[in-house]
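# Structural features, examined
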Amino acid sequence: MKKLLLTAAIAAVCSGAVNAADYKIDTDGAHAFIQFKISHLGYSWLYGRFNTFNGEFSYDADKLAESEINLVINTASIDSNHAERDKHLRSADFLNVSKFPQATFNSTKIVAKEGDNFDLHGKLTLNGVTKEVVIAAEKIGEGSDPWGGYRAGFAGSTSFALKDFGINYDLGPAASTVYLDLTVEGVRQ
Amino acid sequence: MLSNSATRYGMISIVLHWLVAVTILSLFALGYWMVDLTYYSSWYRTAPYWHKSIGILLFLAVGIRLLWRLATPTPAALSSHTLLEKRVSRITHVALYFLTILIMLSGYLISTADGRPIAVFTWFNVPALGELFPQQTDIAGAFHQYLAYALIGLTVLHALGALKHHFIDKDTTLKRMLGQSAH
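Now for a description of the structure that goes with this document. All residue numbers refer to position in the chain's written sequence, counted from 1. Labels follow written order: the first chain is A, the first ligand is 1, and so on. The predicted origin of the model limits local features to residues at a pLDDT of at least 70 and limits the giving and counting of side-chain atom pairs to 80 or more, whereas totals for whole chains, interfaces and linings rest on all residues. Derived side-chain values reflect all non-hydrogen atoms in the structure, with water molecules and hydrogen atoms excluded from consideration.

Here we take up the overall build of chain A. When helices and strands are counted, chain A shows 2 helices and 11 strands. Under the DSSP-based scheme used, a helix requires at least four consecutive residues in state H or I and a strand at least two consecutive residues in state E, with every element numbered from the N terminus. Ordering the α and β elements of chain A from the N terminus gives α-β-β-β-β-β-β-α-β-β-β-β-β. Three exposure classes are used, based on accessible area relative to the maximum for each residue type with a 1.4 Å probe and protein chains only: buried under 20%, partly exposed in between, and exposed over 50%. Evaluated residue by residue, chain A yields a buried proportion of 41% over its 189 residues. Residue contacts are defined here by distance: any two heavy atoms, one from each residue, within 4.5 Å place the two residues in contact. Sequence-distant contacts, at least 24 apart, represent 55% of the contacts inside chain A between residues at least 6 apart. Here chain A displays about 10,500 Å² of accessible surface, and carbon together with sulfur accounts for 54% of that area. Each accessible area value is a Shrake-Rupley result obtained with a 1.4 Å probe; residue values ignore everything except the protein chains displayed when judging cover.

Right, dumping it as structure tokens:
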């Protein structure tokens with residue numbers, strides 16, 4: 001019996017060691033950003049961000065393909081630094097936040113590329129529409145933080161057509177595509 | 001006569017009444033139309049700019065009107081009016097003022113939540129107080145919209161009342177507000 005318990009304990013420790021570590025995205029300290037940019041008339045970029053979101057990821061540098069990430073974004077928290085525009089963005093013309101208060105991203109597959117780069121495949125749900133997207137991602141770094149924790153951070157970007165997610169308001173031909181930049185820093189749990 | 005008497009409206013009250021009436025109806029029509037303008041419409045920026053500018057000027061006009069009410073007597077209701085008519089019209093008048101003021105205040109809150117002032121044409125800016133409560137733009141926007149519907153509904157009631165007095169009762173209620181003597 002003792003031997004069995006010991007075996008189980010060793011197995012548990014070992015499996016813990018080979019499993020990817022779990023990280024909680026540091027939204028409490030705002031070391032994570034979900035920003036977008038979209039062309040204004042083809043003449044300049046408009047930047048905005050989502051202020052409220054949360055998520056977690058599992059990550060092991062040696063087993064990148066087994067890593068995964070899940071994000072939940074509060075769409076009403078969209079902030080383009082203009083109250084009237086944000087009201088319009090929350091309306092049914094764009095994000096329809098009263099009907100679809102959340103956008104989500106759930107990774108499905110990770111494909112390693114050169115160096116610290118990888119393609120993060122996943123399902124993005126926005127405005128009630130779920131589509132496959134690929135985020136071109138890069139590990140920025142990982143290590144101990146000065147306050148006794150352990151952190152890992154990534155940046156990624158993707159783009160998609162607004163109409164792919166049922167957003168059909170006409171902002172002009174140059175503004176059909178929105179570019180998304182995500183920077184997440186996780187604290188190991 | 002500029003000033004009111006106990007039986008008739010003076011020119012200042014009459015002009016203010018019709019000025020406010022025409023402005024409210026215009027702002028409602030403009031607002032109802034402009035919220036559905038497409039991004040490439042040449043009115044997309046101009047219409048809200050006019051709506052806000054005129055709205056602030058209306059606020060000033062309503063303020064002057066209320067001060068004028070204090071400064072000059074309000075003509076008594078015609079003695080031919082029933083008690084019910086007097087009560088309903090009294091409530092309607094108070095509600096018209098009340099709604100108008102709430103709509104203007106909520107409009108101010110929509111546009112100033114991010115600290116941007118409201119430009120009144122190129123003449124002057126009304127400073128912002130910033131975000132006074134969470135989701136200010138959306139909440140104020142909903143109030144602005146539905147209170148405007150209520151105000152227009154009440155305005156229709158108010159106008160129907162005036163027309164009823166004019167055409168059915170054949171009294172001088174409407175004529176008094178057109179500057180004619182009560183006799």
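We are not done yet, so read on.
Right, let's talk about the packing of helix H2 (residues 46-71) of chain B against helix H3 (residues 83-112) of chain B for a bit. Residue and element names in this part refer to chain B. Packing of H2 against H3 brings their axes to within 10 Å, and their N-to-C directions diverge by 145 degrees. The element H2 and its partner H3 pack so that their crossing is left-handed. Two secondary-structure elements touch here, H2 through Lys52, Gly55, Leu58, Phe59, Val62, Arg65, Leu66 and Arg69 and H3 through Arg90, Tyr97, Thr100, Ile101, Met104, Leu105 and Ser111. Residues are grouped as follows: Ala, Val, Leu, Ile, Met, Phe, Trp, Tyr, Cys and Pro are nonpolar; Asp, Glu, Lys and Arg are charged; all remaining types, including Gly, are polar. Partitioning the contact of H2 with H3 into residue classes produces 8 nonpolar, 3 polar and 4 charged. The axes used here are C-alpha line fits, helices contributing only the stretch in contact, and every angle between their N-to-C directions lies in the interval 0 to 180 degrees. Two helices crossing with the near one rotated counterclockwise from the far one by less than a right angle form a left-handed crossing, whereas a clockwise rotation gives a right-handed crossing.

On to the nonpolar core, then. Side-chain atoms within 4.5 Å are what join buried Ala, Val, Leu, Ile, Met, Phe, Trp, Tyr and Cys residues into a set we call a nonpolar core. Counting 43 residues, the largest nonpolar core has Ile25, Ile34, Phe57, Ile69 and Phe105 of chain A as its most contacted members. When near neighbours in sequence (up to four residues on either side) are disregarded, phenylalanine 105 of chain A contacts Ile69, Asn70, Leu71, Leu120, His121, Gly122, Lys123, Leu124, Val133 and Ile135 of chain A. Counting residues in each nonpolar core, the second largest holds 16 residues, with Ala61, Tyr97, Leu99 and Ile152 of chain B among its members.

Counting from both sides, the interface comprises 14 residues of chain B and, opposite them, 14 residues of chain A. Buried surface area refers to the total accessible area, computed with a probe of radius 1.4 Å, that the two partners give up upon joining, counted for both partners together. Around 1,100 Å² of area is buried between chain B and chain A when both sides are counted, 49% of it from carbon and sulfur atoms. Of all residues in chain B, Tyr39, Tyr40 and Asp138 of chain B bury the most surface against chain A, accounting for 46% of the area lost on that side. For salt bridges, the criterion is a side-chain nitrogen of Lys or Arg within 4 Å of an Asp or Glu carboxyl oxygen. In this assembly, chain B and chain A are joined by 2 salt bridges. Between arginine 90 of chain A and aspartate 138 of chain B there is a salt bridge, and its shortest N-O distance comes to 2.4 Å. Between N or O atoms, a polar contact is any pair within 3.5 Å; within protein, one atom must be a potential hydrogen donor and the other a potential acceptor, and residues adjacent in sequence are included only when both atoms are from side chains. Applying the counting rule to chain B against chain A returns 8 residue pairs in polar contact (both at pLDDT 80 or more). Sorting the residues of the side of chain B that touches chain A by element identifies H3 and helix H4 (136-168) of chain B as the ones contributing at least two each. Of the residues forming the side of chain B that touches chain A, the biggest block, 3 residues, is contributed by H4 of chain B. Class assignment of the residues belonging to the side of chain B that touches chain A gives a composition of 6 nonpolar, 4 polar and 4 charged.

Bringing the packing of helix H1 (residues 11-34) of chain B against H2 of chain B into the picture now. Between two packed helices, what matters for the description is the angle formed by their axes and the separation of those axes. All names here are of chain B. Running from amino to carboxyl end, H1 crosses H2 at an angle of 155 degrees, the nearest separation of the two axes being 10 Å. Relative to H2, the element H1 lies roughly antiparallel. Where H1 crosses over H2, the handedness of that crossing is left-handed. Where H1 approaches H2, its residues Ile12, Ser13, Leu16, His17, Val20, Thr23, Ile24, Leu27, Leu30, Gly31, Trp33 and Met34 are matched on the opposing element by Ala47, Pro48, Trp50, His51, Ile54, Gly55, Leu58, Ala61, Val62, Ile64, Arg65 and Trp68. Its residues placed into classes, the contact of H1 with H2 shows 17 nonpolar, 6 polar and 1 charged. To sort the angles, those under 35 degrees are grouped as roughly parallel, those over 145 as roughly antiparallel, those from 65 to 115 as roughly perpendicular, and the leftovers as oblique.

Another aspect to go through is the pairing of strand S3 (residues 44-50) of chain A. Residues and elements named next belong to chain A. Each pair of strands is called paired provided DSSP finds at least two bridges between the two strands. For strand S2 (residues 32-40) and S3, the ladder comprises 7 bridges, and the chain directions are antiparallel. By the bridge assignment for S3, glutamine 35 is matched with arginine 49. Between S2 and S3, which pair antiparallel one after the other, the connecting turn spans 3 residues, and leucine 41 there sits at a positive phi close to 65 degrees.

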